[in-house]
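Descriptive structure summary
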2 protein chains.
Amino acid sequence: MATGGATRDVYVSEVGTRDGLQNVDTVMPTDAKKAWIAAEAAAGVPEIEVGSFVPARLLPQLADTADLVSFARALPDLSVAVLAPNLHGVRAALESGAHRISVPLSVSETHSLANVKKTHAEMFEEIAAMVAAIAERPSQGRPALEVSLSTAFGCTLEGPVPEDRVVAMAERVIELGADDVGLSDTTGYGNPAQVRRLTRRVHAAVGADRMTGIHLHNTRGQGLANVMAALDEGLATIDSSLGGLGGCPFAPGASGNIVTEDLVFLLESMGLYTGIDIEQLLAVRDGVQAALPHETLYGFVADAGLPKGFEYARAALD
Amino acid sequence: MATGGATRDVYVSEVGTRDGLQNVDTVMPTDAKKAWIAAEAAAGVPEIEVGSFVPARLLPQLADTADLVSFARALPDLSVAVLAPNLHGVRAALESGAHRISVPLSVSETHSLANVKKTHAEMFEEIAAMVAAIAERPSQGRPALEVSLSTAFGCTLEGPVPEDRVVAMAERVIELGADDVGLSDTTGYGNPAQVRRLTRRVHAAVGADRMTGIHLHNTRGQGLANVMAALDEGLATIDSSLGGLGGCPFAPGASGNIVTEDLVFLLESMGLYTGIDIEQLLAVRDGVQAALPHETLYGFVADAGLPKGFEYARAALD
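So, a few notes on the structure that sits alongside this text. (Residues numbered from 1 in each chain as written. Chains lettered and ligands numbered in written order. Predicted model: local features only at pLDDT ≥ 70, side-chain atom pairs only at ≥ 80, totals over all residues. Heavy atoms only, no water.)

In the superposition of chain A on chain B (RMSD 0.0 Å, axial shift 0.0 Å), the rotation amounts to 180°. When the rotation and shift are considered jointly, the pair of chain copies conforms to a two-fold rotation axis. Among all residues of chain A, the one whose C-alpha sits closest to the rotation axis is Ala225 of chain A, at a distance of 2.0 Å. When you check the interface residues of chain A against chain B, 100% turn up at the interface there too, and the contact is symmetric in its surfaces. (Least-squares fit on C-alpha atoms with pLDDT ≥ 70 in both. Contact = heavy atoms within 4.5 Å.)

Encoded structure:
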């Protein structure tokens, strides 16, 4: 977690540089990504998922992840996160020096086979091996391992997923030694009642300190309503993507992360301190649009601007 | 209120035929409006604001309101609402036989002067005269008079508006004899904390039974998050507009009612029964788009479709 984030009410974790770019055909030049990461960190975003350790032949867009981790680690007060789908990726993440490693585990086995070509049983074995690989490192500077339960709110291939299975898988990955578990609405199927119910059940099963974040999409316009439910349940780390870039190539029709600019506006307008400057964020967005001229960026605040007389939330005095 | 609406958990009130069309340059032919109203009522929408009694020279788009009220009154189980900005409009609304009359009263006096050319003092006098005009009618079939406090969450001209003023104006209009008071986020400035706070304060001042509805916009993407806050506070009537048509021509930059299709999806997915069929609503949308080929319709569910295996909420058994 970012050292400068102690007083933030909500911790916004930018995933556009990973989740966004992996769903874009254009390969963004490394220098443009670095400019994005540096500018967004300067705008006050405390964590950025800079890439994914997957084979470059699968996702050439993210082939420069190690270089980006190295660059981002030099920025002050930034938590540098990466995604790793397997043990090989976790080893690369460890080499890179990332602060946080996120591993996707799909609650839908059909989606798991499509996404990472592994059954649940194989994924649990892989996670145990990841935990062992991380434990070999000196405890000082050891990265946090989060398992993100994708398709936790439903799957475009299987339809609804049983909530009991979500809870059982959350328990299992914590037993295997993951530091945290997260819920991911990969497909944009989630609704606020479900966010509340599942969060309560997972908290009851593994402890609220082992599930602090959530990854939501805005596929059906329900992203920020789901954020409200997440906040109600005490979740304080919210993933989002600048301009709403991203989705999941193996979950057809599921596009659209929640938009960082709109999320930060919502939170700050409610008096929840994020540490993020919205005007600066909008300038970063302009830079990303210039680097990706053929991609559509989403979001409302970019069009409407801030309200007249808008005031930011303030940090509580520690 | 719609006679068929007794078991609905949330009562969705369509304003696209008024708020939407008054912000569109195209004058929609009366027959196309009737087709829209009939199809949306058939999809289960319990209330439709079919137009506004304003001079045709100001809003030629709504010149056929009396004809539409007459048509809509013949539809089963539909509450027929209209807007009326002044006593003259209320008299016309009474003549037409509308079930519900909504009067906009802007908390921002600057906006009031721009919108209806009246000060607050003049508007209070006008409302008293409206109440008297309605009281002359036989109590059987007398329409409900709601005063909608526009710019209640902030004004594009004045900026923030004092919450004390919102509460005082709500008290005043109830004292003057209005049946209900509503809050309207005309400018899309509102946030969920503000929705909660203002609703609590107005409820405390006038009673929860005198403020049951809210009119929200999605200008900054926060519309459905605000709906969550409204539901938390017990509000059960939510205005929305098919395809998000609408805004306010006197509040520059403030466009975008919340989208009926997305609202109904949110509510039904949460298990809140609206009585509305989303697929039918999407078909109505297609019809409206065909009748307004040059207008942009908004919304996410229309693009993404319903989730695989989606189940509607069910009505509680009475």
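What follows deals with the nonpolar core. The tendency in soluble globular proteins is for nonpolar side chains to be buried side by side. If you look at the biggest cluster of nonpolar residues, it comprises 185 residues, and the most contacted ones within it are Leu149 and Leu183 of chain A together with Leu149 and Leu183 of chain B. Beyond its immediate sequence surroundings of up to four residues, Leu183 of chain A is in contact with Leu149, Ala152, Phe153, Val166, Leu198, Thr199, Val202, Met211, Gly213, Ile214 and His215 of chain A. (Core = buried A, V, L, I, M, F, W, Y, C linked by side-chain atoms within 4.5 Å. Buried < 20%, exposed > 50% of the residue type's maximum accessible area, 1.4 Å probe, protein only.)

Residue and element names in this part refer to chain B. Tracing the chain through its elements places Pro76 in the loop between helix 3 (65-73) and strand 3 (79-83). Pro76 gets classed as exposed once you look at its relative accessible area, which sits at 66%. Sequence separation of Pro76 and Asp185 is 109 residues, and the distance between their C-alpha atoms is 31 Å. (Helix = DSSP H or I, 4+ residues; strand = E, 2+ residues; numbered from the N terminus.)

Across all of its chains, the model carries 28 salt bridges over all chains by this definition. Where Arg18 of chain B meets Glu49 of chain B, a salt bridge forms, and the shortest distance between an N and an O atom there is 2.7 Å. Of this pair, Arg18 of chain B sits in helix 1 (residues 16-20) while Glu49 of chain B sits in strand 2 (residues 47-52), and the two are 31 residues apart along the sequence. Bridged by salt links that share partners, the residues Arg196 and Asp232 of chain A together with Arg196 and Asp232 of chain B form one connected network. (Salt bridge = Lys/Arg side-chain N within 4 Å of Asp/Glu carboxyl O.)

All names here are of chain B. Between its terminal C-alpha atoms helix 2 (residues 30-42) stretches 18 Å, which fits the 18 Å expected from 13 residues at 1.5 Å a residue. Contacts made by the buried residues of helix 2 are with strand 1 (11-14), helix 1, strand 2, helix 3, helix 10 (260-269) and helix 11 (278-291). After helix 2 finishes, the residue Gly44 shows a positive phi value of roughly 105°. (Expected span 1.5 Å × (residues − 1).)

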